[in-house]
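Fold and contact review
Residue-level listing of the chains:
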Amino acid sequence: MRALVVAAIVISCVGLPVHRASSAPAQGAHKAKWTVLWYITADTENIEHDLLVDVENLALGDPGPDVNIVALIDRIPGQDDDPVLNLPNFDTAKLVKLEHGQATELQDVGEVDMGDGQTLAWFLATGMSQFPAEHYMVTIDDHGSGVNGSSFDDSTPPVDGHASHLDLDETTAAVQSALQATGVSRIDLFNYAACLMANFDAAAKLAPLVDYLIASEEVSVGPQADATDMLKLLKANPNATAPELGASVVDTTTKLIPQVPDQFALTMSVIDLRALRTVTQALESFATAVSDDLTTSGAALGRAQSQSLHFGMVDDKRDRFHVYDIGDLLAHLQGASQAVMTARNALYEAEKRAVLSNAKGGATASATGMSIYFPATKDEMSASYPQVAASSAWAKFLVSYFDNAGTSEGSGGGTTPAFTSHDARVAVDANGALVSADLVAGTEGALASADFFGGVAAADGTIEYVFMAPAQVGAGGPLTVAQAWALSKLQLTDGKLVLDATVNLSAQGDGLVASIPVIYQTADGDQTDAALMFLLDANGDPGLPVLFQFDADGGASKVTPAPGSIIAPLVFVVPPGGDAEYRLLSDQGLDATAVQLAPVRLATGSTFVVALRVSDAAGNGDLATAVGTVP
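In this report, we go over the structure that sits alongside the text. Everything numeric in this text was worked out from a predicted model, so none of it was measured. (Residues numbered from 1 in each chain as written. Predicted model: local features only at pLDDT ≥ 70, side-chain atom pairs only at ≥ 80, totals over all residues. Heavy atoms only, no water.)

Notes on the overall build of the protein chain
Heads up, the rule is: The helix count covers DSSP runs of H or I at least four residues long, the strand count covers runs of E at least two residues long, and both are numbered beginning at the N terminus. The cut-offs for exposure are 20% and 50% of the maximum accessible area for each residue type, with area from a 1.4 Å probe on protein chains only; residues under the lower value are buried, those over the upper are exposed, and the others partly exposed. The criterion used for residue contact is that any of the two residues' heavy atoms lie within 4.5 Å. The Shrake-Rupley method, run with a 1.4 Å probe, gives the accessible areas here. Residue values count only the displayed protein chains as cover.
What the protein chain contains, in helices and strands, is 12 helices and 35 strands. Residue burial in the protein chain is summarised as follows: out of 631 residues, 58% are buried. By sequence separation, contacts in the protein chain at least 24 residues apart represent 69% of the contacts at least 6 residues apart. Here the protein chain displays about 23,400 Å² of accessible surface, and carbon together with sulfur accounts for 51% of that area.

Dropping the structure here:
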């Protein structure tokens, strides 16, 4: 799936009581220390339950007279018929005040579009007017999609096939409108309780209006935000500062990671948005320096990207979100010009100062707290990104970077990476196969990525690639590309049926992260793209697999399979004379509630196929293949 940046969608909210948003405090209103405003788009098919858990956590305890907790909760019809605290089931949107384990209904605003900036602006202005405070915290609680925005409303009719949502500019405009309506100067703390929003563009857009940001670089798992400890801190100390509140959320995340095995990819950051101007300036200097030396430094940055921590999971579309950790990307940069390395150092330090605290799991141990949009190939680059980017210099760099990669005839005065022979070398022993090939001297400078594929040949000549991983460059020599394979595959089984799968490996954090693309089908027959993710430890042993599903608009969420649901793994195949693609190789599915990993070595005497691929930033490159026999 190509990166999707959707233009602002403005749909009038019929019946939205915008006239209630007074700029004056409610008569006789007590001015609290903090007013916490929670925008809960539970009008989302696959995570309504998790978001309602957030509501219950927000209502726990007594916040005291110096803290107001106000929420706008929009639910989806027919998904979850349970009450919300003391409120009977509803499928409209309700403005509530949360305290003492109860929800006090302030207003039923009917069905609204939570993906419309006008709705967010009304809620913020209403909350700040009716519950004035010295400090304000704002949370958007729903799906997030990095540069594509957040708060996807599934009950609003889609526009051009895409769910209504808040893009980054709409969110910024809504905050600005609320501040102007209420006379409040700035929001103290903004919390994206949503996936992938600890992103440079998201942070930089809010920076003129907000002091601090809490967000996750990675897909969030389970309930999007556990505010329990933060609320306890506010109760004990209403004078707590925004960084202290943010740190409590990060501390909660840090404690959760070792306790729950499926939190291996979790992240959480507190970013000082007052420092974003320095980060932006450093990023622009870095982008300009690389743009001035694209042939050498651009290729070096591409190689760094292929080794860096990326977010958003991987399925049969490979990388859906195209966001990479800034610090890890810069840490892997080698071979660039002196001017680029000087700018790199300044950007590294600027980001380091801006990120105040940072939680990370085993799969995200190299995370530094903020990501940046950086597609791996020209085809993945969104044509709309330059219009929504917070840094025009970075957007211009990306365009130049991919244009410089050029065509297969050459790039930027150089050539695309190529092998001296299309026949790879294979050394086979009892431990597996070592596959290698040499690059043509002079083409290594354009190399942006190197990949390995291991597979088996079917009876009709179709190659079924069951193992995919980054290849090692410089192994055995500066021009050598190589990778080892244990001549095994990972199958999925529910105890009755066994199906082949393709495993994608990437080196991240404390081990290898594995992803198996699948189709997930609910008991009702609804199908979505999904992926089984797990972490391999230093011994190669797999951890607990976690199922993530993806929707058409870029949302990702953890799935707890229900009885009657099934999983069907996808396999990467190359048919004779055809194009490579992911396919379902069986018309049967596995019981999703009983799926287990089943590693198996290829049968002795069977034929295996291996391939090494090298590419430049435009996706142009070369392939070296070989065939062998399993000993």
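Notes on helix α5 (residues 228–236)
In an α-helix, one full turn covers 3.6 residues, which means residues spaced three or four apart are oriented alike. Let me state the cut-off plainly: Taken from the helix axis, the directions to the C-beta atoms give the arc we talk about.
Where α5 is concerned, the buried positions are Thr228, Met230, Leu231 and Leu234. End-on view of α5: buried residues confined to an arc of 160 degrees, all on one side of the axis. Exposed residues pointing more than 90 degrees away from the buried face of α5 are listed as Lys232 and Ala236.

As for the side chain of threonine 280
When you line up the elements, threonine 280 lands in helix α7 (residues 276–291). Not counting residues within four places of it along the chain, the set of residues in contact with threonine 280 comprises Phe200 and Ala204.

Details of α7
In plain terms, the rule: Helix span is expected to be 1.5 Å times the residue number reduced by one.
Taking 1.5 Å as the rise per residue, α7 with 16 residues should run 22 Å; its terminal C-alpha atoms sit 22 Å apart, in good agreement. Of all the positions in α7, only Leu276, Val279, Thr280, Ala282, Leu283, Phe286, Ala287, Ala289 and Val290 are classed as buried.

Quick notes on the nonpolar core
Worth spelling out the cut-off: By convention a nonpolar core is built from buried Ala, Val, Leu, Ile, Met, Phe, Trp, Tyr and Cys residues, the set being connected through side-chain atoms within 4.5 Å.
Tyr192, Phe286, Tyr385 and Trp394 are the most contacted members of the largest nonpolar core, which totals 92 residues. Aside from chain neighbours lying at most four places away, what touches tryptophan 394 is Leu283, Phe286, Ala287, Ile372, Tyr373, Phe374 and Tyr385. Grouped together as the second largest cluster of nonpolar side chains are 47 residues, Val435, Leu499, Leu590 and Val595 included.

Treat this as a map of the structure, not an account of what it does.
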